[in-house]
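Each chain, letter by letter, is given below.
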Amino acid sequence: MLFTISEEEGAEMYLGNTPIEVDLSTAIYMLQQKDNMPEGMAWGNYFPAVINHTSSAIARKHPDFHAAKHGDYDAALRLVNDLVKDDKVCSIARCYPNAHIAYNHKMQDSKVNMIPAAYAAKFSAIGMNVEHNIIAVTDVSHTNASDISRISKRVRFEGEVKKGVDYILVDDFITSGAELRDMRDYIQSKGGNVVMMTTFGHGSFGKLKDIRIDNSLIERLKASGITDQDLRKYGIASEIRCLTIGEAAKLSRMVNAKAKTTVAQLCARVQRTHQECPNLPAMETEVPRNGVQGVKTKEITEESKTIKFKL
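Residues numbered from 1 in each chain as written. Predicted model: local features only at pLDDT ≥ 70, side-chain atom pairs only at ≥ 80, totals over all residues. Heavy atoms only, no water.

Draft legend 1. How the structure looks around the confidence of the model for the protein. Mean pLDDT over the protein works out to 82, with 77% of the residues at or above the 70 mark. Here residues 262-268 scores under 50 on pLDDT; set against residues more than four positions off or in separate chains, the count is zero contacts. Taken together, the stretch residues 282-311 has pLDDT below 50 and engages in 16 contacts with residues farther than four places along the chain or on a different chain. (pLDDT = per-residue confidence, 0-100. Contact = heavy atoms within 4.5 Å.)

Draft legend 2. Just the sheet that holds strand E3 (residues 18-22), in detail. Sheet architecture is open: three strands sit in the order E1-E2-E3, paired in antiparallel fashion. The outermost strands of the open sheet, each flanked by one partner alone, are strand E1 (3-5) and E3. With strand direction ignored, the average angle separating the axes of adjacent strands in the sheet is 30°. Note that E1 and strand E2 (residues 11-15) share three bridges and pair antiparallel. Residue pairing across strands places isoleucine 5 opposite alanine 11, the latter belonging to E2. (Pairing = 2+ DSSP bridges. Helix = DSSP H or I, 4+ residues; strand = E, 2+ residues; numbered from the N terminus. Axes fitted to C-alpha atoms, helices over the stretch in contact; angles between N-to-C directions.)

Draft legend 3. Region of the structure containing the environment of methionine 197. With respect to the helices and strands, the residue methionine 197 is situated in strand E12 (residues 193-202). Along the primary structure methionine 197 and alanine 49 are separated by 148 residues, whereas in three dimensions their C-alpha atoms are 7.6 Å apart. Residues contacting methionine 197, with those up to four places away along its chain left out, are Trp43, Phe47, Ala49, Val50, Ile51, Leu169, Leu180, Arg181, Arg184 and Ile211.

Draft legend 4. Inspection of the packing of helix H5 (residues 86-95) against helix H6 (residues 115-125) at higher detail. Where H5 meets H6, the axes come as close as 10 Å, and the angle between the chain directions of the two elements is 60°. Of the two possible hands of crossing, H5 and H6 adopt the one that is right-handed. The segment H5 lies against H6, with Asp86, Val89 and Ile92 engaging Tyr119, Lys122 and Phe123. Considering only residue class, the contact of H5 with H6 consists of four nonpolar, no polar and two charged. (Left-handed = near helix turned anticlockwise from the far one by under 90°. Nonpolar A, V, L, I, M, F, W, Y, C, P; charged D, E, K, R; others polar.)

Draft legend 5. Broad picture of the environment of arginine 60. Inspection of the secondary structure assignment puts arginine 60 in helix H2 (residues 56-60). Residue classification places arginine 60 among the exposed residues on the basis of a relative accessible area of 52%. Along the primary structure arginine 60 and leucine 79 are separated by 19 residues, whereas in three dimensions their C-alpha atoms are 10.0 Å apart. (Buried < 20%, exposed > 50% of the residue type's maximum accessible area, 1.4 Å probe, protein only.)

Draft legend 6. Layout of the pattern of salt bridges. If you walk through the whole model with that rule in mind, you get eleven salt bridges. In this structure, arginine 154 engages aspartate 182 in a salt bridge whose closest nitrogen and oxygen atoms are separated by 3.0 Å. With arginine 154 in the loop between helix H7 (147-152) and strand E10 (157-158) and aspartate 182 in helix H8 (residues 178-189), this residue pair connects regions lying 28 residues apart in the sequence. Each member of the pair, arginine 154 together with aspartate 182, is buried. Linking aspartate 185 and arginine 181 is a salt bridge whose minimum nitrogen-to-oxygen distance equals 3.2 Å. Here the residue aspartate 185 and the residue arginine 181 both occupy positions in helix H8, the gap between them amounting to four residues, near one helical turn. For arginine 181, a relative accessible area of 1% corresponds to the buried category. (Salt bridge = Lys/Arg side-chain N within 4 Å of Asp/Glu carboxyl O.)

Draft legend 7. Structural view of the packing of helix H4 (residues 73-83) against H6. Relative to each other, H4 and H6 sit at 55°, their axes nearing to 8 Å. Judged by the angle between their axes, H4 and H6 are oblique. Of the two elements, H4 crosses H6, and the hand of that crossing is right-handed. On the side of H4, the interface is formed by Tyr73, Ala76, Leu77, Leu79, Val80 and Asn81, while H6 contributes Ile115, Ala117, Ala118, Tyr119, Ala121 and Lys122. Split by residue class, the contact of H4 with H6 holds ten nonpolar, one polar and one charged. (Parallel < 35°, antiparallel > 145°, perpendicular 65-115°, else oblique.)

Draft legend 8. Molecular detail of the sheet that holds strand E11 (residues 166-174). Strand order in the open sheet made by the five strands is E4-E12-E11-E5-E8, with parallel pairing throughout. With one partner strand each, in any of the chains shown, strand E4 (51-55) and strand E8 (129-131) form the two edges of the open sheet. Ignoring strand direction, the axes of neighbouring strands in this sheet form an average angle of 25°. Where E4 lies against E12, four bridges are found, and the strand directions are parallel.

Draft legend 9. Quick peek at the environment of aspartate 72. Mapped onto the secondary structure, aspartate 72 falls in the loop between helix H3 (65-69) and H4. Counting along the chain gives 41 residues from aspartate 72 to asparagine 113, while the straight-line C-alpha distance between them is 8.1 Å. Those residues within four positions of aspartate 72 in sequence are excluded, and the remaining contacts are Ala67 and Met114.

Draft legend 10. Fine view of the pairing of E2. Residues of E2 alternate between two faces, with Ala11, Met13 and Leu15 buried on one and Glu12 and Tyr14 left unburied on the opposite face. Two strands pair when backbone bridges link them, and E2 and E3 are joined in this way by five bridges, in the antiparallel orientation. When the bridges of E3 are listed, tyrosine 14 appears paired with proline 19. Hairpin geometry of E2 and E3 is characterised by an intervening segment of two residues between the two adjacent antiparallel strands and by a positive phi of about 65° at glycine 16.

If you want it as structure tokens, here you go:
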């Protein structure tokens, strides 16, 4: 069973033994996505840090930001030219001269977000191959979304991937790294080799040196009862080791907070019951010696077999 549906038209999913409330639209999305989830790969020991150039706070103050985010390619080019550090772009090109650039095509408010394409153009300008045909085909708008919706609704991609080719993934901002991880899963499931990721700017998790899930979070999720099977059955990830550190941290907080809330609710319920029934007799701490007086033999018969307990 994946979900239970309540009378109030809500739903519950289960991560380990913890029930998590989820809205119906997210539940329906997850039912649709689980059958076309690409096979993900664990991060391994040597995946490099994400390279970015600015913060989302600084970028949002730029006069061209809003237009770039909503379909104006020229505005996106001006934004990128003002804030992208050319020395970082050249350094990436020197490290991976034969890699192809794949950028995140993303729809937002019915307009194409042009920042990833404009950032990819920086690499095209110095002679690197930019792929334009790997495209996000699902809409997972996270505006005002719940944590469980952000974690559970994955981006799915389509388009030709060249087998054996190295890919560098490009996006506008990184927070949890979930969409970049989705793109990586797709490309690698089709035979490509993702060697690094770079974004125009960073969000809450972007400053970390490593976005891969670490061993402490792996153990924390397992201790919470979350399994690889849980993540696969909802289409979230192929296994725990495929998650980013941002996803794992949010998932751990959410499950543990729910567990604490459940315990607190149970304690409150017991306390209310005791207050409502103050005359309930207390349990004896010790069985009286005469508690079994007169009972000497107990017989239990199961078909042809008789088991006797002597006291």
